[in-house]
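A closer look at the structure
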Amino acid sequence: MIRAKDPNIKTSVFAVMTKAAQKYNAINLSQGFPDFEISKDLISLVNKYMLTGYNQYAPMPGILPLREKLSQKIEKLYKRKYNPETEITITSGATQALHSVISTIVNDGDEVIIFEPAYDSYAPVVRLNGGRPVFVRLNYPDFETDWEKVNKMINSKTKLIIINSPQNPSGKIFSDEDISNLKKVVAGTKIFILSDEVYEHIIFDNKQHNSIAKYPELAERSILVFSFGKVYNATGWKLGYFVAPEKITEEIRKIHQFTVFSSNTPIQYAVSEYLDKEEEYLKLSGFFQDKRDFFNEMLKEIGFEIVPAQGTYFQTVSFSGLTDETDMQLAMRLTEKFGVAAIPMSSFYHNEENTKTLRFCFAKKDDVLKQAADKLDDFYTKAKKQLNLF
Ligand code: PMP
Ligand code: GLN
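Here's what I pulled together on the structure shown here. (Residues numbered from 1 in each chain as written. Chains lettered and ligands numbered in written order. Predicted model: local features only at pLDDT ≥ 70, side-chain atom pairs only at ≥ 80, totals over all residues. Heavy atoms only, no water.)

A word on the overall build of the chain
For the chain, the helix and strand inventory stands at 15 helices and 12 strands. Against the globule reference of 21 Å for 390 residues, the chain gives a C-alpha radius of gyration of 21 Å, in line with a compact fold. Seen through its C-alpha atoms, the chain measures out along the principal axes to roughly 65 × 55 × 55 Å. The buried share among the 390 residues of the chain stands at 56%. Here the chain holds 49 positive side-chain charges and 50 negative ones, and the gap between their average locations is 3 Å. (Helix = DSSP H or I, 4+ residues; strand = E, 2+ residues; numbered from the N terminus. Rg over C-alpha atoms; globule rule 2.2 N^0.38 Å. Buried < 20%, exposed > 50% of the residue type's maximum accessible area, 1.4 Å probe, protein only. Lys, Arg positive; Asp, Glu negative; His and termini not counted. Charge placed at Lys NZ, Arg CZ, Asp CG, Glu CD.)

So, in structure tokens, the structure goes:
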């Protein structure tokens, strides 16, 4: 009889909801991925490198030209120099980077602080490595971090704090105050920080991304994780990277090499060349802010109360007062009966608490967002009627 190392791990909600969306032919605003074409120039570059013979294994940490470009990019944006030889490592997506980082740092009995709602891959990997996730709930509905609470959770077993700004699923970003609180929490400890910054270029309302790289006293104990899937709207390419001080990188690479050894060669060359076009990633915030506003305006007109996301391409919407269902039941009914799929926010809480909120991905063509809004309007009107509120 085969028994998974952690039999409690369930199929990821992203797989579940996308499958349901396909089954019922619903508009899929659940799993986060864009539905529009990616840059043709970038595709041509991948083609070029494939046709000119870049089809064998890349070096274990990734091709050096790409690591050099990333080093320059980070230095320009966040004013910290990461050595391309020893401090930058290319991975098969951010997911693999997260897995390799957590597997390196977390040992039996170690505690890891995770802010909830949280991206779904952190806690299972902590547990697989014998660690104990310690969940700190973000306030609702503003998703502010309660640093008093964090302080109370810290003890001699705390090995790692995982942060994610802009945050999936809440769309919340870390403010200057959050950064100074984080500094206070880790000062004088040996706690590592894993900073998931995959949405670094999707941040709204003229806010700046507070990369951990900007703060020397944090960066020296931190591993930062990024994804080209987000930067180039190509989630299916599964290419990412992590950066960390040399001593930490050295250890993580020991795990990375036996997880994938190295990542897709022609895509690394293509991305390396394409990184010269800064505007390709600097335009993302404006592009997605327009989508957020377009989607939110329609939802507001229907009657939903919205707290706009500060970053990412996700918007949380409350269904409180419209139904007695759990958010999972509602997500399924919306998919099956109304033709629009979303992620129940309970999936991002370890106790699956019913928050009566859903997460919608607005990285979609405007006409698709409009069709989805029409379906949500239909749902809203029927729900209100049923409650005799109209
Ligand atoms: N972290 C966060 C917060 C994410 O939303 C995602 C999903 N895209 C990932 C990591 C994983 O990224 P990738 O697709 O590059 O594995
Ligand atoms: N990051 C994407 C999301 O939050 C999905 C990633 C995945 O499917 N594992 O929807």
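The structure having been displayed, the exposition proceeds.
Quick look at the site of ligand 1
As a matter of local geometry, ligand 1 sits amid 14 residues, with Thr95, Asp196, Tyr199, Lys230 and Lys238 nearest to it. Interatomic distance of 2.6 Å between a side-chain N/O atom of Thr95 and an oxygen atom of ligand 1. Here Asp196 contributes a side-chain N or O atom positioned 2.6 Å from a nitrogen atom of ligand 1. Within the complex, the protein chains bury 94% of what would otherwise be the 390 Å² of accessible surface of ligand 1. Sort the elements by how many residues they give to the shell around ligand 1 and helix H4 (residues 93-105) lands first, with four residues. Along the lines of polarity and charge, the residues of the shell around ligand 1 split into six nonpolar, five polar and three charged. (Near = heavy atom within 4 Å. Polar contact = N/O pair within 3.5 Å; in protein donor to acceptor, adjacent residues only side chain to side chain. Areas by Shrake-Rupley, 256 points an atom, 1.4 Å probe, with all protein chains shown as cover. Nonpolar A, V, L, I, M, F, W, Y, C, P; charged D, E, K, R; others polar.)

Examining the pairing of strand E4 (residues 132-137)
Bridge analysis of strand E3 (residues 111-116) against E4 gives six bridges, and the strand direction is parallel. What sits directly across from Phe115, in E4, is Val136. In this view, the connection linking E3 to its parallel neighbour E4 by way of helix H5 (residues 122-128) has right-handed handedness. (Pairing = 2+ DSSP bridges. Right-handed = clockwise from strand over helix to strand, strands pointing away.)

A few points about the site of ligand 2
Around ligand 2, the structure places Phe14, Gln31, Gly32, Tyr119, Asn168, Tyr199, Lys230, Phe314 and Arg359. At a separation of 2.7 Å, an oxygen atom of ligand 2 approaches a polar side-chain atom of Arg359. Notes on ligand 2: free accessible area 300 Å², of which the protein chains cover 79%. Residues of the shell around ligand 2, tallied by class, amount to four nonpolar, three polar and two charged.

Quick notes on the packing of aromatic side chains
Scanning the entire structure with this criterion turns up 28 aromatic pairs. Geometrically, the ring pair formed by Phe14 and Phe348 is tilted, given 6.2 Å between the ring centres and 45° between the ring planes. Taken as a pair, Phe14 in helix H1 (residues 13-23) and Phe348 in the loop between strand E11 (343-344) and strand E12 (357-361) lie far apart in primary sequence, 334 residues in all. Accessibility expressed as a relative area gives 9% for Phe14, which makes it buried. Sitting over the face of the ring of Tyr281, Lys73 holds its NZ or CZ atom 4.6 Å from the ring centroid. Of note, Arg359 hangs over the ring of Phe314, and the distance from its end group to the ring centre comes to 3.6 Å. (Phe/Tyr/Trp six-rings, centres within 6.5 Å; stacked < 30°, edge-to-face > 60°. Lys NZ or Arg CZ within 6 Å of the ring centre and 35° of its normal.)

With respect to the sheet that holds E11
Judged by pairing direction, the sheet is antiparallel, and its three strands sit side by side in the order E9-E12-E11 without closing on themselves. In the strand order of this sheet, the two ends are held by strand E9 (314-318) and E11, each with one partner. The pairing of E9 with E12 spans five bridges and is antiparallel. Bridged to Thr316 within E12 is Arg359.

With respect to the nonpolar core
Counting 120 residues, the largest nonpolar core has Ile161, Leu182, Phe304, Phe319 and Phe360 as the members making the most contacts within it. Take this core: its biggest share by element is eight residues, from helix H15 (residues 366-386). Ignoring sequence-local partners within four residues, the contact set of Phe360 consists of Leu29, Phe295, Tyr313, Phe314, Gln315, Val317, Phe319, Val340, Ala342 and Leu376. (Core = buried A, V, L, I, M, F, W, Y, C linked by side-chain atoms within 4.5 Å. Contact = heavy atoms within 4.5 Å.)

Examining the side chain of Ser346
One can find Ser346 in the loop between E11 and E12. What makes Ser346 buried here is its relative accessible area of 7%. Polar contacts involving the side chain of Ser346 include one to the side chain of Asp327, which spans 2.7 Å. Ser346 has contacts with Asp327, Glu352, Glu353, Asn354 and Thr355, leaving out every residue within four places of it along the chain.

In short, geometric facts, not functional conclusions.
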